[in-house]
Number of protein chains: 2
Amino acid sequence: MERIEQHASFGGRQEVWKHASAVLGTEARVGVYLPPAALAGVACPVLYWLSGLTCTEQNFITKAGAQQHAAQHGLILVAPDTSPRGEEVANDAAYDLGQGAGFYLNATQAPWAPHYRMEDYVVEELPAVVERWFTTSARRGIFGHSMGGHGALTLALRHPGRYASVSAFSPIVAPSQVPWGQKAFAAYLGDDRTAWAAHDAVALVAGAQERLPLLVDQGEADAFRAAQLKPELLRAACDAAGHPLALNLRPGYDHSYYFIASFIGEHVAHHARALRG
Amino acid sequence: MERIEQHASFGGRQEVWKHASAVLGTEARVGVYLPPAALAGVACPVLYWLSGLTCTEQNFITKAGAQQHAAQHGLILVAPDTSPRGEEVANDAAYDLGQGAGFYLNATQAPWAPHYRMEDYVVEELPAVVERWFTTSARRGIFGHSMGGHGALTLALRHPGRYASVSAFSPIVAPSQVPWGQKAFAAYLGDDRTAWAAHDAVALVAGAQERLPLLVDQGEADAFRAAQLKPELLRAACDAAGHPLALNLRPGYDHSYYFIASFIGEHVAHHARALRG
């Protein structure tokens, strides 16, 4: 772990670290916000943020305005990159495949399989690194935006007991049913639709072993809502399964970080109730 | 005026407009945040933000986290670009001269004079446009960062009665005495140091007609503090002149928007007291 940025922020410190990831087989960058309590030596819970298509570790830490709330609630925020990166890593000219578009799964298909292992990275390696390097409590939460909202929901549903709280902004709730997900899943997982269902929040809710409450915010004016996000599919799946869901449709809000910033305080408070309770 | 971006934000709306500026002789872009009160038709005061070197109208609106506070206090935020832009506008390869580095003055020297008129733009043309286009009250405040902190202080000091409140983050308080300012002033204003003094906050404080209180926040860990910012010169000038100054030195904080975001709420509240009082 090498620290490459540090900035005082709301009495705590926003840092960026890079480390050699054994899982990804590349160097990986990650934003870490340490609240004042963490700087004072208190073991704090860790809340993981997963960003959307095209993002790096920078978008969330510069634009979401989450630090003030993490400072208030005593949470460490960890924001990884959205894919492996580097010249040796397979890529695609499109913004929605390859670097910047890891979809938080372990690819099984060539040329993606060797490096594109964002599920193992986010669920296993990154927490191990974070919990070794910083003073943390045992509790973890996870949230994210768009592709990262898909990541947060699916990783929480696929790994019962691993996260004490989960939430999402504008998530891709049913990647198997929308163009972004179909393109990525066909490339990373191949044509077998049963493999797709294992990474699809709407499909996973039906068989969830754990009824972890889902908090989802969705802008009603989001240009991607009807074609790519389809929050109504998550509502129907949760209703059918009896899975607890708080779905907030926000009139006028779009897909941007202006939307995220407007409601990030509510999401951090949601996680704080579970993580510090 | 043509609106090129709009995003719901904290119950209000963050917009970006472009317009043909007669003063600059170019198209100009400006960020405008309309708080919920403005959307409801209430005439709101306008708080102008001036950004620092290299910035456009985007930096403040995406990174400072000011909207939540403007929403709470019912202030319109207006954030212009930092210089004229375009192929027809003189430029320099350096980051601290030419486009992105207008220094909030009217240049008198070639090749800058025809377009580099940011003082007239910010003080006259932009408020006229804003007050014609939006429903505003008669009160204006001004604040900014680094080069924009210099802009806020000097424009308020040079135009008594025009601003009801002023504040700055990490301002260049004595441009005549530091490399950034000396380079820009020599280029834009020529070698006559009396012309420089008219755009130097430390020089202006001595003869200020109006004792408008100055609020300044400065990070103690700011890498530019000792060579370019020199807040102690402003303290000495205000002490000598009996000019009211609240100078907050913030241990650990640097020159970044992480610093600005941490204290923007206090600055917006300072302006709100003057603008809504």
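Residues numbered from 1 in each chain as written. Chains lettered and ligands numbered in written order. Predicted model: local features only at pLDDT ≥ 70, side-chain atom pairs only at ≥ 80, totals over all residues. Heavy atoms only, no water.

Focus on the relation of the copies chain B and chain A
Where we set the bar: Least-squares superposition aligns the copies on the C-alpha atoms of those residues with pLDDT at or above 70 in both. The contact criterion used is simple: two residues touch if any of their non-hydrogen atoms lie within 4.5 Å.
After a rotation of 180° and a shift along the axis of 0.0 Å, chain B superposes on chain A with an RMSD of 0.0 Å. On this basis, the relationship between the two copies can be described by a two-fold rotation axis. Considering only C-alpha atoms, the part of chain B nearest the rotation axis is B:Lys63, at 2.6 Å. Comparing interface residues between copies, 100% of those in chain B also sit at the interface in chain A, which points to an isologous, same-surface contact.

Quick look at the interface of chain B and chain A
The test is simple: Two parts placed together each lose some accessible area under a 1.4 Å probe, and adding up what both lose gives the buried area. Starting at the N terminus, helices and strands are each numbered in turn, a helix being any DSSP run of H or I of at least four residues and a strand any DSSP run of E of at least two. Amino acid classes used here: Ala, Val, Leu, Ile, Met, Phe, Trp, Tyr, Cys and Pro are nonpolar; Asp, Glu, Lys and Arg are charged; the rest, including Gly, are polar.
Listed by partner, the interface residues are 20 residues for chain B and 20 residues for chain A. Summed over both sides, the interface of chain B with chain A buries roughly 1600 Å², with 52% coming from carbon and sulfur. For the side of chain B that touches chain A, the secondary structure elements donating two or more residues are strand E1 (2-9), helix H2 (58-63), helix H3 (67-73) and helix H11 (257-275) of chain B. Split into classes, the residues belonging to the side of chain B that touches chain A amount to seven nonpolar, eleven polar and two charged.

With respect to the packing of aromatic side chains
Convention followed: Whether two aromatic rings pair depends on their centres lying within 6.5 Å, for rings of Phe, Tyr and Trp, where Trp uses its six-membered ring; planes under 30 degrees apart make the pair stacked, over 60 edge-to-face, and the rest tilted. A simple rule labels every residue: compare its accessible area, found with a 1.4 Å probe on the protein chains alone, to the largest value its type can have, and call it buried under 20%, exposed over 50%, or partly exposed in between.
Considering all chains together, one arrives at 32 aromatic pairs over all chains under this definition. Summarising the aromatic geometry, the rings of B:Phe169 and B:Phe259 are spaced 5.8 Å apart at their centres and angled 85° between planes, so their arrangement reads as edge-to-face. Placement of the pair is B:Phe169 in strand E7 (residues 165-169) and B:Phe259 in helix H11, with a sequence separation of 90 residues. Here the two residues B:Phe169 and B:Phe259 agree in accessibility, since each one is buried. Ring centres of B:Tyr253 and B:Phe259 lie 5.8 Å apart, and the angle between their planes is 45°; on these two criteria the pair is classed as tilted. Take B:Tyr253: its relative accessible area is 7%, and that puts it in the buried class. Three or more aromatic residues link up through ring pairs in this structure, and these residues are A:Trp49, A:Phe60, A:Phe143, A:Phe169, A:Tyr253, A:Phe259 and A:Phe263.

Re the sheet that holds strand E8 (residues 214-219) of chain A
Residues and elements named next belong to chain A. Going by this rule: Paired strands, in this sense, are two strands between which DSSP finds at least two bridges. Angles shown run from 0 to 180 degrees and are taken between the N-to-C directions of axes, each axis being a line fitted to C-alpha atoms and, for helices, limited to the stretch in contact.
Spatially, the nine strands line up as an open sheet ordered E1-E2-E3-E5-E4-E6-E7-E8-E9, and their pairing is mixed. The open sheet has two edge strands with one neighbour each: strand E1 (2-9) and strand E9 (245-250). Sheet twist, expressed as the average angle between the axes of neighbouring strands with direction ignored, equals 20°. The sheet contact formed by strand E4 (residues 44-50) and strand E5 (residues 76-80) spans three bridges and is parallel.

What about the confidence of the model for chain A?
Formally: As a per-residue quantity, pLDDT reports the predictor's confidence and falls between 0 and 100.
The predicted model of chain A has a mean per-residue pLDDT of 97, with 100% of residues at 70 or higher. This prediction of the complex comes with two scores: 0.97 for pTM and 0.96 for ipTM.

Digging into helix H5 (residues 147-158) of chain A
Residues and elements named next belong to chain A. Counted only if it meets this: One less than the number of residues in a helix, times 1.5 Å, gives the span that helix is expected to have.
The end-to-end C-alpha distance of H5 is 16 Å, a good match for the 16 Å that twelve residues give at a rise of 1.5 Å each. Burial analysis of H5 places eleven of its twelve residues in the buried class, which makes it a mostly covered element. Restricting attention to buried positions, one finds in H5 the residues Met 147, Gly 148, Gly 149, His 150, Gly 151, Ala 152, Leu 153, Thr 154, Leu 155, Ala 156 and Leu 157.

Section: the pattern of salt bridges
Any two side chains of opposite charge can pair, on the condition that their charged atoms come close. Residues and elements named next belong to chain A. Under the convention used in this document: We count a salt bridge whenever a side-chain nitrogen from Lys or Arg sits within 4 Å of a carboxyl oxygen from Asp or Glu.
Evaluation of the coordinates by the stated rule reveals 20 salt bridges over all chains. For Glu 15, the salt bridge identified is with Arg 3, shortest N-O distance 2.8 Å. Here Glu 15 is found in strand E2 (residues 12-21), whereas its partner Arg 3 is found in strand E1, with twelve residues between them in sequence. Exposure remark for Glu 15: the relative accessible area of 1% places this residue in the buried category. Between Arg 85 and Asp 81 there is a salt bridge whose closest N-O contact spans 2.8 Å. What makes Arg 85 partly exposed here is its relative accessible area of 26%.

Some details on the sheet that holds strand E4 (residues 44-50) of chain B
Within a beta sheet, neighbouring strands are joined by backbone hydrogen bonds and run either parallel or antiparallel to one another. All names here are of chain B. Sheet architecture is open: nine strands sit in the order E1-E2-E3-E5-E4-E6-E7-E8-E9, paired in mixed fashion. Of all the strands in the sheet, the pair left with one neighbour each is E1 and strand E9 (245-250). Each adjacent strand pair in this sheet contributes to an overall mean axis angle of 20°, direction not counted. Of the strands in this sheet, strand E8 (214-219) and E9 are in contact with helix H10 (residues 231-241), which crosses E9 at around 155°. Sitting on the sheet, H11 is in contact with E4, strand E6 (136-145), E7, E8 and E9, with an inclination near 170° to E7.

What about the environment of A:Leu229?
All names here are of chain A. Structurally, the position occupied by Leu 229 is in helix H9 (residues 225-229). Under the relative-accessibility criterion, Leu 229 is labelled buried at 0%. On a C-alpha basis, the gap between Leu 229 and Asp 200 in space is 12 Å, while along the polypeptide they are 29 residues apart. If sequence neighbours within four positions are ignored, Leu 229 has contacts with Ser 146, Ser 170, Pro 171, Ile 172, Val 173, Trp 180, Gln 218, Asp 222, Phe 224 and His 255.

Some points on the pairing of E8(B)
Residue and element names in this part refer to chain B. Of all six residues making up E8, six are buried, and the element is well covered by its neighbours. On E8, burial covers both faces: Leu 214, Val 216 and Gln 218 on one face and Leu 215, Asp 217 and Gly 219 on the other are all buried. Pairing of E7 with E8, which is carried by four bridges, proceeds in the parallel orientation. In the sheet register, Ala 168 faces E8, and the bridge partner there is Val 216. By the bridge criterion, six bridges tie E8 to E9 in an arrangement that is parallel. The partner of Leu 215 across the bridge, within E9, is Ala 246.

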